[in-house]
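Listed below, chain by chain, are the residues.
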Amino acid sequence: MAEEVHLGLPGPWAADYREKADHYTTKIGGVPDWPTGDMGIKPEMLQCSLCGTKLCLVAQVYAPVVKLNIEERIIYVLVCPTPECGPKPQSWKVLRVQKCRNVEQTEGDGDELGQGTGPPSTSVPEEQIDKNKSHDINDDDFDLDALAEALEQAATLASNSKKKNKSKCANAPIERPVLKEKPADLSIPVLPCFYIYYDKEQYRVKVAVGSSSNEFPLDKEMTDTGNYEEEKWDGEKYEYDKAIGADRTFLKFKKRLDAYPEQCFRYSYGGKPLLAATKVQDAGTCRFCGSPRQYELQLMSPLLYFLHEAGKGSSNYGPSNWTWLTLIVYTCSKSCCPSSCGGRPCGCCWGVAEEEITIQEDEAV
Amino acid sequence: MADRGGERGGERGGERGGFGRGFGRGGRGDRGGRRGGRRGGRQQEEEKWVPVTKLGRLVREGKIHKIEEIYLHSLPVKEHQIIELLVPGLKDEVMKITPVQKQTRAGQRTRFKAFVVVGDCDGHVGLGVKCAKEVATAIRGAIILAKLSVVPVRRGYWGNKIGQPHTVPCKVTGKCGSVTVRMVPAPRGSGIVAARVPKKVLQFAGIEDVFTSSRGSTKTLGNFVKATFDCLMKTYGFLTPEFWDETRYVKTPFQEFTDLLAKPTKGLVIEAPVETVEA
């Protein structure tokens, strides 16, 4: 089972939590970067199903699928920011945004973007900037309007951040220079934002032979304790790990977490999730095409810890009441195109699909 | 595009110097260096520990000061770093490493089983057992399991209540497999009257004087040690007249430190902590 797992490790904090990136960036918190200004997302998809509040972004993961030749694919994990709704599973939503491609364009773009696909295995965030550049240069369908507005945003970003800092409250109306798109909705709550860089998990493969090299420095431990001839520790058999407060599954979960204690999420398309508890809910089937859902990524507790640390001091902060150990995201195994363009050769419309998310809670709380 | 890329790179570069909230301890090099497999020496674990459970987060923040607050509410401890922080004087000792064998088609497969006892010699003791293919892994794993199983030990007096408690408060008995161990209060100065193996556990627990009596196949020393530990766990389970008073219930740490009920819910907007930009 040589499944590669990519870990999302924390990178630098965003200078401003509401700063915009592009949809190729993987980040935690902040404002969701939709690929186009007008996504046509129904408003109820962005609202909490329990209380109707606008959802805020927890994680935005750029997740192309190399095997199916899909480059334009992003997963957004959203949650209701009210403290009461946070712990309940119905207030979490996962959206998969994917560009539907028709047949002619797939071959053309697939070769050019071939080298840049997949979560980058190197760890420097500048790599993401380079990837952004290579995408923009290679992509024939690039939207010049988007480029113009992005440059305008960048130019006004510095002046905007200073203006925002003067006003303490996030929902006070702020004078902003006119942008092409609608002004950012300041009533959308925002979680603290930081960027992610990727790394492959190097889990140590178990050694087949009982290693002799490690025994020598510890041989004396064995002889010291075995000095007394009357004592023979007979009849010992293999014993599974047992602790008073934690079961075997959790101990294995914690062991892999301790290898990379800062991992914010684990990504493995079609792989097996790292469970924290044995009870697993059924993922169900995709709403659009009916194919079964499979595991794609899971958010881990260190992410919660970082958000919690960043939000200390603000009242009514959602993540302070979250108690989950891990959030597992299941997506359509065929990664079907969710838009309703009927197969016309358009190649430019983005589809949004809602996927399944299950929470594994810390049951002690 | 170049503008935007440069700007973002500049902002990130500025942030890289001082991370502040939460990432302050590790720079970029640190994370990069750790990529290549297991790290060599032990790192300062209090600094690098990222808690996984809610209880871990409360302990990390310093909201829980003594481990007794956790024992009072019988909260399960799932992270060994919690114990390391709350019980600072813990010492550990490897009691035994035995090979255990399993017959396979290709011969015998040997693994090592390590027994480790941890304790602060003052009322807290833990026992960990781990099997692994390498001795070092078994010892490391057993230390972690031992820390996870740290329990309080109740001590009392044999007769006059002068000085500090020195022996078990009453006769208690523990069982594991066929081995039963019975501990009987002893007068001051008797010392621990027990076999060599359980004596170590009792020393780590902080019991100064006790008479023990065991029954069953004590040759299986694994069971013997576990029976002694089970006996120590039961010292606080024994109801004595001191506990006859009505319990005054105290809020669990989760209820005490939640923001949900404390603050009145006003607006539904999160105030994003705003950065001060130096001009």
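Residues numbered from 1 in each chain as written. Chains lettered and ligands numbered in written order. Predicted model: local features only at pLDDT ≥ 70, side-chain atom pairs only at ≥ 80, totals over all residues. Heavy atoms only, no water.

We apply this condition: UniProt positions are given in the numbering used here, feature names are shortened, and annotations may be inferred rather than shown by experiment.
The name recorded for chain B in an unreviewed UniProt entry is S5 DRBM domain-containing protein, from Digitaria exilis. A UniProt comment under Sequence similarities (unreviewed entry) is attached to chain B, and it reads "Belongs to the universal ribosomal protein uS5 family."

Looking at an unreviewed UniProt entry, one finds chain A named Programmed cell death protein 2 C-terminal domain-containing protein, with Digitaria exilis as its source organism.

**Comments concerning the packing of aromatic side chains**
For any pair of aromatic rings, the description consists of the separation of the ring centres together with the inter-plane angle of the planes. The condition that has to hold: Put simply, two rings from Phe, Tyr or Trp (the six-membered ring, in Trp's case) pair if the centres are within 6.5 Å, and we call them stacked under 30 degrees between planes, edge-to-face over 60, tilted for the rest. Helix and strand assignments follow DSSP, with helices taken as H or I runs no shorter than four residues and strands as E runs no shorter than two, numbered in order from the N terminus. For the exposure calls, accessible area comes from a 1.4 Å probe over protein chains only, and a residue counts as buried if that area is under 20% of its type's maximum, exposed if over 50%, partly exposed in between. Only Lys NZ and Arg CZ are tested; either one counts as a charge over a ring when it is within 6 Å of the ring centre and within 35 degrees of the ring normal.
Within the structure shown, the criterion is met by 11 aromatic pairs over all chains. Both rings, one in Trp13 of chain A and one in Phe194 of chain A, keep their centres 5.1 Å apart while their planes meet at 70 degrees; by these two values the pair is edge-to-face. Placement of Trp13 of chain A in strand β1 (residues 6–13) and of Phe194 of chain A in strand β6 (residues 194–200) is noted, with a sequence separation of 181 residues between them. Their ring planes at 35 degrees and their centres at 6.3 Å tell us that Trp322 of chain A and Trp324 of chain A sit as a pair that is tilted. Comparing Trp322 of chain A with Trp324 of chain A, the two get one shared label, buried. An aromatic cluster of three or more residues is present, and its members are Trp13, Phe194, Tyr305 and Phe306 of chain A. A cation over an aromatic ring shows up here: Lys78 of chain B above the ring of Phe250 of chain A, its NZ or CZ 5.0 Å from the ring centre.

**A look at the nonpolar core**
Defined as follows: Put simply, a nonpolar core is a bunch of buried Ala, Val, Leu, Ile, Met, Phe, Trp, Tyr and Cys residues held in one set by side-chain atoms that sit within 4.5 Å of each other. Throughout, a contact is declared for two residues whenever any of their heavy atoms are within 4.5 Å.
Val58, Val77, Trp92, Phe265, Leu299, Trp322 and Trp324 of chain A are the most contacted members of the largest nonpolar core, which totals 44 residues. Take this core: its biggest share by element is 6 residues, from helix α6 (residues 301–310) of chain A. Those residues in contact with Trp322 of chain A that lie beyond four places of it in its chain are Val58, Val79, Gly86, Pro87, Trp92, Leu191, Leu304 and Leu307 of chain A together with Arg57 of chain B. Ala243 and Leu325 of chain A together with Leu145 and Val150 of chain B belong to the second largest nonpolar core, which has 42 residues in total.

**What about the pattern of salt bridges?**
Basically, it comes down to this: Any Lys or Arg side-chain nitrogen located within 4 Å of an Asp or Glu carboxyl oxygen qualifies as a salt bridge.
One pass over the structure, following the stated rule, counts 22 salt bridges over all chains. The closest approach of N and O atoms between Glu356 of chain A and Arg293 of chain A, which form a salt bridge, is 3.5 Å. Here the residue Glu356 of chain A occupies a position in strand β10 (residues 350–361), and Arg293 of chain A occupies one in strand β8 (residues 293–300), the gap between them amounting to 63 residues. For Arg293 of chain A, a relative accessible area of 11% translates into the label buried. Of the charged contacts, one joins Glu93 of chain B and Lys200 of chain B as a salt bridge, the two residues approaching to 2.7 Å between their closest N and O atoms. With Glu93 of chain B in strand β1 (residues 91–104) and Lys200 of chain B in helix α8 (residues 196–205), this residue pair connects regions lying 107 residues apart in the sequence. When salt bridges with common partners are traced through the structure, they connect Arg96, Arg293, Glu355 and Glu356 of chain A into a single cluster.

**A short note on the pairing of strand β5 (residues 172–176) of chain B**
Residues and elements named next belong to chain B. Inclusion rule: Here the rule is simple: two strands pair whenever DSSP picks up at least two bridges between them.
Residues Val172, Gly174 and Cys176 point to one face of β5 and are all buried, whereas Thr173 and Lys175, pointing to the other face, are not buried. Pairing geometry for β5 and strand β6 (residues 179–185), over 5 bridges, is antiparallel. Bridged to Lys175 within β6 is Thr180. Connecting the antiparallel pair β5 and β6 is a turn made up of 2 residues, with Gly177 showing a positive phi of about 65 degrees.

**Some details on the sheet that holds strand β4 (residues 151–152) of chain B**
Residues and elements named next belong to chain B. This is how the line gets drawn: Axes here refer to lines fitted to C-alpha atoms; in helices the fit is confined to the stretch in contact. Angles between the N-to-C directions go from 0 to 180 degrees.
The 4 strands are arranged β1-β2-β3-β4 in an open sheet whose pairing can be described as antiparallel. Of all strands in the sheet, those bounded by a partner on one side alone are β1 and β4. Where strand β2 (residues 107–119) lies against strand β3 (residues 124–132), 8 bridges are found, and the strand directions are antiparallel. Bridging across to β3, Ala114 finds its partner in Lys130. Along the sheet, α8 contacts β1, β2 and β3; its crossing angle with β1, the most-contacted strand, is approximately 140 degrees.

**Notes on the pairing of β3 of chain B**
Residues and elements named next belong to chain B. The buried fraction of β3 is high, at 9 of 9 residues. The sheet contact formed by β3 and β4 spans 2 bridges and is antiparallel. Counted as the bridge partner of His124 is Pro152 from β4.

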